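Read off the chains here:
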Amino acid sequence: LAKTTQPISMDSYEGQEVNITCSHNNIATNDYITWYQQFPSQGPRFIIQGYKTKVTNEVASLFIPADRKSSTLSLPRVSLSDTAVYYCLVGDPPHTPLVFGKGTRLSVIA
Amino acid sequence: DVKVTQSSRYLVKRTGEKVFLECVQDMDHENMFWYRQDPGLGLRLIYFSYDVKMKEKGDIPEGYSVSREKKERFSLILESASTNQTSMYLCASTVFRVGGQNIQYFGAGTRLSVL
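Residues numbered from 1 in each chain as written. Chains lettered and ligands numbered in written order. Predicted model: local features only at pLDDT ≥ 70, side-chain atom pairs only at ≥ 80, totals over all residues. Heavy atoms only, no water.

Attention now moves to the layout of surface pockets. Quantified by volume, the largest pocket comes out at close to 580 Å³. Lining of the largest pocket is provided by 26 residues; of these, A:Val85, A:Tyr87, A:Lys102, A:Arg105 and B:Gln37 occupy positions nearest its centre. Ranked by the residues each element gives to the lining of the largest pocket, the list is headed by strand E8 (residues 84–91) of chain A, at 3 residues. For the lining of the largest pocket, the class distribution of residues is 9 nonpolar, 13 polar and 4 charged. (1 Å grid on protein atoms, 1.4 Å probe; cavity = no way out; pocket = protein on both sides within 12 Å on 5 of 7 lines; lining within 4 Å. Points joined across faces, edges and corners; volume = space filled by probe spheres on them. Helix = DSSP H or I, 4+ residues; strand = E, 2+ residues; numbered from the N terminus. Nonpolar A, V, L, I, M, F, W, Y, C, P; charged D, E, K, R; others polar.)

Attention shifts here to the sheet that holds strand E8 (residues 73–78) of chain B. Residue and element names in this part refer to chain B. The 4 strands lie next to each other as E1-E3-E8-E7, forming an open sheet whose pairing is antiparallel. With one partner strand each, in any of the chains shown, strand E1 (4–6) and strand E7 (65–70) form the two edges of the open sheet. On average, each strand axis in the sheet is inclined to that of its neighbour by 20 degrees, with strand direction left out of account. Where strand E3 (residues 19–25) and E8 come together, 6 bridges link them in antiparallel fashion. For Leu21, the partnering residue across the bridge sits in E8 and is Leu76. (Pairing = 2+ DSSP bridges. Axes fitted to C-alpha atoms, helices over the stretch in contact; angles between N-to-C directions.)

Below, the discussion takes up the state of the cysteines. Residue and element names in this part refer to chain B. Under the counting rule described, the total for this entry stands at 2 disulfides over all chains. Here Cys23 pairs with Cys91 through a disulfide, and the sulfurs are 1.9 Å apart. The sign of the S-S torsion, about -75 degrees, decides the handedness of the disulfide formed by Cys23 and Cys91: left-handed. Taken as a pair, Cys23 in strand E3 and Cys91 in strand E9 (residues 87–94) lie far apart in primary sequence, 68 residues in all. Residue Cys91 is classed as buried on the basis of its relative accessible area, which comes to 0%. (Disulfide = S-S within 2.5 Å. Buried < 20%, exposed > 50% of the residue type's maximum accessible area, 1.4 Å probe, protein only.)

Moving on to the environment of A:Val18. Residues and elements named next belong to chain A. Along the chain, the position of Val18 falls in strand E2 (residues 18–23). For Val18, a relative accessible area of 3% puts it in the buried group. Here the alpha-carbon distance between Val18 and Pro76, two residues 58 residues apart in the chain, equals 6.5 Å. Here Val18 is in contact with Met10, Ser12, Leu73, Ser74, Leu75, Val78 and Leu106, once residues within four sequence places are set aside. (Contact = heavy atoms within 4.5 Å.)

Taken as a whole and judged by the stated rule, the model has 8 aromatic pairs over all chains. Judged by centre distance (6.0 Å) and plane angle (65 degrees), the rings of B:Tyr64 and B:Tyr89 are edge-to-face. Remark: B:Tyr89 occurs in strand E9 and B:Tyr64 occurs in the loop between strand E6 (56–57) and E7; sequence separation between them is 25 residues. For B:Tyr64, a relative accessible area of 7% puts it in the buried group. On the basis of relative accessible area, B:Tyr89 is assigned to the buried category, the value being 0%. Through pairs of rings, three or more aromatic residues link up here, namely A:Tyr36, A:Phe46, B:Phe33, B:Tyr35, B:Phe48, B:Tyr50 and B:Phe106. (Phe/Tyr/Trp six-rings, centres within 6.5 Å; stacked < 30°, edge-to-face > 60°.)

Next comes the structure, spelled out in C-alpha cells:
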C-alpha cells in the first residue's frame, strides 16, 4: 500500500487560502488520491478525489503533478468552520482498502 | 441521502465483557469497514468485508472479530473487552468502482470506554 506523509498541523487566518501537501512517493499506476475532512466527534467526510492534473469542486481543489508523487489540497478563503483534520489517502479500490494516516490538523484563527 | 448508522454513540463496558458494535448502511454497498481512532494515531483499520459472510483482516485485528450475515449490517465483536480497547470506533461503507469515484461513507462513531 502506498504510504502518505502530511504535515501534522497547520494554522491559518480566516479568509486565507490554505494548501496542504501530501507526499506519496510509491504511488502505484492504478492508485487514486482521495482527501477526507473530519470534525471532532464525527466520522470523516469525503472532500475530493483525483488521479492526475487538477480537480475542482465546490469545496476544494486538488493539484496533482505529472509524477503523481505528491498532491496538494487547496481550500480557498478558509473560515473558522474549516478547522478540522484533513486526511490524504492513496489506494486503488477494489483491490486494496484505503489507508488513513494521521492527517493534518488545520486550525483557522479569526 | 446516504446513511451509515452505528447503534450507539457512547458505551461503557467492564473488562472481560463481550461487546457488540453494530453498523447498518442503507445504500446497498458491498463493502464495509471497521476502524478505531485514538489520539495521535489517526484511523486504523480493524477489519473489512467485501461481501456477505466475507471478512478480511486490517492492520490491527487482534482482540476483535466481525460478522456480516446480511449485506447492510456489519458487526464488530470484542470477545473479552480490555482497557486498551477503549477508543472511538468508526464504521464505513462504500461501493468500489474501478475507474470511478470511490467514496467511503462513515457513521458518527461509537465512543467505547472499557473500565
